[in-house]
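Residue strings, one per chain:
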Amino acid sequence: MSDFIPEPPYDRVWNFSAGPSTLPVSVLEQVQRDLFNYKGHGMSVMEMSHRSKIYGQIISNAEATLRRVLKVPDNYSVLFLQGGGTGEFAAAYLNLFASKSVREKQRKLGRQLNCDYLVTGSWSKGGLKEVQRLGGQPNIVLNGVTTAESGEVKYTGLPPVSEWNLGKPEETAFVYYCENETIHGVETPSDFVVDAVDPSVPVICDMSSNMLSRPVDVSRFGAIVAGAQKNMGPAGVTIVIVRKDLLERDDDPEAIRNMPSVLDWCYFDAAGSMPHTPPTFAIYVCGLVFEWVEAQGVEALEKLREARSKLVYDEIDAHPEFFRGSVDKRYRSAMNIVFNLPTPELESKFIAEAGERNMVQLKGHRSLGGIRISLYNAMPLDGARKFVAFMKEFYTQNC
């Protein structure tokens, strides 16, 4: 077999950015064809009124395709919002506590319900801080893993379910977790959380960075929230898939008194995601990505994600004294692979020499340093092969 690895087309780089991230070339080609004159309508999507019939078809087709790809049940709404995953930290809490079912449960209990948070890295920690800021009563189910030697908390995996501090179902409004932590490189296995939670408690999952990379049983979640800029499209649009019974409200105005309209899922649901101008161009590109995913098949993309990440992890495991990964193998992310080299100087050299070889955006997050390679859906297997070939070369020259 030849070791030749073709370079990306159009003089493009191997873009390993954690987000915004690389998009499928065929999608970019379609965007380019449509840019000045969308399908003969004489204008770009960027210039189009969101109230026009043409754009109405674009957003409807995007939703319909996403529903098919994820097999979204009819009793779920699909919303195109703004504000990113960070906006949904607040929106999830505010909307769940405005829900008729949660308010009835709270009245029955006679006090404010708790909300369960699984903290597995920076993003779930951000969600926890936001609900604390809003006056919620979070119950920390887990906070990383505690090292036996020092008692230090590290975000390198999850403790056994037997050690989780899940609240009593009758005292819990919802359970919140982030399925893939882009900064720490920790990914929770499919169904791991929903299997552990009482089915009467809605599970809210942030799938921003692994959405569409593997099949998901939407019916097991109360809501799924996801920023688009990893696997689904450009930055600027956030997708929420929420069970419709959680959108039901009573007539008490206190339920939404402190909820801004821009975070109100019902406000958007009632207006087909367009109570005001949505991020029209970003939604249009997402629709093209959904069509690309449908053509590939989510099951095929899952196999590809495992193949890409295996190439890199195999090289890390072959030289653990040099490529220093700290994440528990059971929870290593297939989307974001993080590791360190023996010295910061070697890490800087690695990033610089990778750039000379057409590979960019490999610097670890500023809070951790090191190296981070992000392998989202649009990254072909050749990208991972190119990176691993460089890892081998760099190890030989610098070990």
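This text follows the structure it describes.
This is a predicted model, so every value here is computed, not measured.

Draft legend 1. Seen up close, the nonpolar core. Grouped together as the largest cluster of nonpolar side chains are 60 residues, with contacts concentrated most on Phe80, Met211, Leu212, Ile241 and Phe290. With 10 residues, helix α7 (residues 280-296) is the single largest residue contributor to this core. Not counting chain neighbours up to four residues away, the residues in contact with Ile241 comprise Leu70, Val72, Tyr76, Ser77, Val78, Met211, Val218, Gly222, Ala223 and Ile224. Phe97, Ala173, Ile204 and Ala255 belong to the second largest nonpolar core, which has 35 residues in total.

Draft legend 2. Inspection of the packing of helix α2 (residues 53-70) against α7 at higher detail. At a closest axis distance of 9 Å, the pairing of α2 and α7 adopts a crossing angle of 40°. Like other packed secondary-structure pairs, α2 and α7 cross with a definite hand, here left-handed. The residues of α7 that touch α2, namely those facing Tyr55, Ile58, Ile59, Ala62, Thr65, Leu66, Arg68 and Val69, are Thr280, Ile283, Tyr284, Gly287, Phe290, Glu291, Val293 and Glu294. In terms of residue class, the contact of α2 with α7 is built from 10 nonpolar, three polar and three charged.

Draft legend 3. Spotlight on the pattern of salt bridges. Under the counting rule described, the total for this entry stands at 25 salt bridges. A salt bridge links Glu7 to Lys386, with the nearest nitrogen and oxygen atoms 2.7 Å apart. In this pair, Glu7 is assigned in the segment before β1 (14-15) and Lys386 in helix α10 (residues 381-398), connecting sequence segments 379 residues apart. For Glu187, the salt bridge identified is with Arg305, shortest N-O distance 2.9 Å. Placement of the pair is Glu187 in strand β9 (residues 186-187) and Arg305 in helix α8 (residues 298-318), with a sequence separation of 118 residues. Arg305 matches Glu187 in its accessibility class, with the two residues each being buried.

Draft legend 4. How the structure looks around the pairing of strand β10 (residues 203-206). Because side chains alternate across β10, one face comprises the buried residues Val203 and Cys205, and the other comprises Ile204 and Asp206, equally buried. Taken together, the four bridges between strand β7 (residues 172-178) and β10 define a ladder with parallel strand orientation. Bridge assignment links Cys178 to a residue of β10, and that residue is Asp206. For β10 and strand β11 (residues 223-227), the ladder comprises three bridges, and the chain directions are parallel. Bridge pairing in β11 places Ile204 opposite Ala223.

Draft legend 5. The arrangement of the side chain of Glu88 in detail. Its place among the elements puts Glu88 in helix α3 (residues 84-98). Here Glu88 sits buried without a salt bridge, and the closest side chain of opposite charge, Arg249, lies 10 Å off (N-O distance). Setting aside residues up to four positions removed in sequence, Glu88 forms contacts with Leu81, Gln82, Val225, Thr238, Val240 and Trp265.

Draft legend 6. Geometry of unusual backbone geometry. With an omega dihedral of -5°, the bond running from Gly19 to Pro20 counts as a cis peptide bond. Assignment of secondary structure puts Pro20 in the loop between β1 and α1 (25-34).

Draft legend 7. Spatial organisation of the side chain of Asn114. Turning to its location among the elements, Asn114 is positioned in strand β3 (residues 114-119). Overall, Asn114 belongs to the buried group, its relative accessible area being 19%.

Draft legend 8. Quick peek at the environment of Val312. Along the chain, Val312 falls in helix α8. Distance in space between the C-alpha atoms of Val312 and Met391 is 8.7 Å, their sequence separation being 79 residues. If sequence neighbours within four positions are ignored, Val312 has contacts with Ile337, Ile373, Leu375, Phe387, Val388 and Met391.

Draft legend 9. Local environment of the packing of aromatic side chains. In this structure the tally under the stated criterion is 21 aromatic pairs. Seen in terms of ring centroids, Phe16 and Phe387 are 5.8 Å apart; in terms of plane orientation they differ by 65°. Their pairing is edge-to-face. You can see Phe16 sitting in the loop between β1 and α1 and its partner Phe387 sitting in helix α10, a full 371 residues away along the chain. By the burial criterion, Phe16 is buried, and Phe387 matches it. Between Phe322 and Tyr395, the ring centres sit 5.3 Å apart and the planes meet at 80°, which makes this aromatic pair edge-to-face. One end of the pair, Phe322, is in the loop between α8 and β13 (336-339); the other, Tyr395, is in helix α10, and 73 residues separate them in sequence. The exposure class of Phe322 is buried, given its relative accessible area of 4%. Aromatic rings pair up to connect Phe16, Phe322, Phe323, Phe339, Phe350, Phe387, Phe390, Phe394 and Tyr395 into one cluster.

Draft legend 10. Just the sheet that holds strand β4 (residues 138-143), in detail. With mixed pairing, the seven strands of this open sheet are ordered in space as β2-β12-β11-β10-β7-β3-β4. Looking at the sheet topology across the chains shown, the edges are occupied by β2 (76-81) and β4. Averaged over all pairs of adjacent strands, the angle between strand axes in this sheet comes to 15°, irrespective of strand direction. In this structure, β3 lies alongside β7, joined through three bridges in parallel fashion. Within β7, the position partnered with Asp116 by the bridge is Val175. Packing of α2 onto the sheet brings it into contact with β2 and β12 (238-243), and relative to β2 it is tilted by some 130°.

Parameters and conventions
Residues numbered from 1 in each chain as written. Predicted model: local features only at pLDDT ≥ 70, side-chain atom pairs only at ≥ 80, totals over all residues. Heavy atoms only, no water. Core = buried A, V, L, I, M, F, W, Y, C linked by side-chain atoms within 4.5 Å. Buried < 20%, exposed > 50% of the residue type's maximum accessible area, 1.4 Å probe, protein only. Helix = DSSP H or I, 4+ residues; strand = E, 2+ residues; numbered from the N terminus. Contact = heavy atoms within 4.5 Å. Axes fitted to C-alpha atoms, helices over the stretch in contact; angles between N-to-C directions. Left-handed = near helix turned anticlockwise from the far one by under 90°. Nonpolar A, V, L, I, M, F, W, Y, C, P; charged D, E, K, R; others polar. Salt bridge = Lys/Arg side-chain N within 4 Å of Asp/Glu carboxyl O. Pairing = 2+ DSSP bridges. Lys, Arg positive; Asp, Glu negative; His and termini not counted. Phe/Tyr/Trp six-rings, centres within 6.5 Å; stacked < 30°, edge-to-face > 60°.

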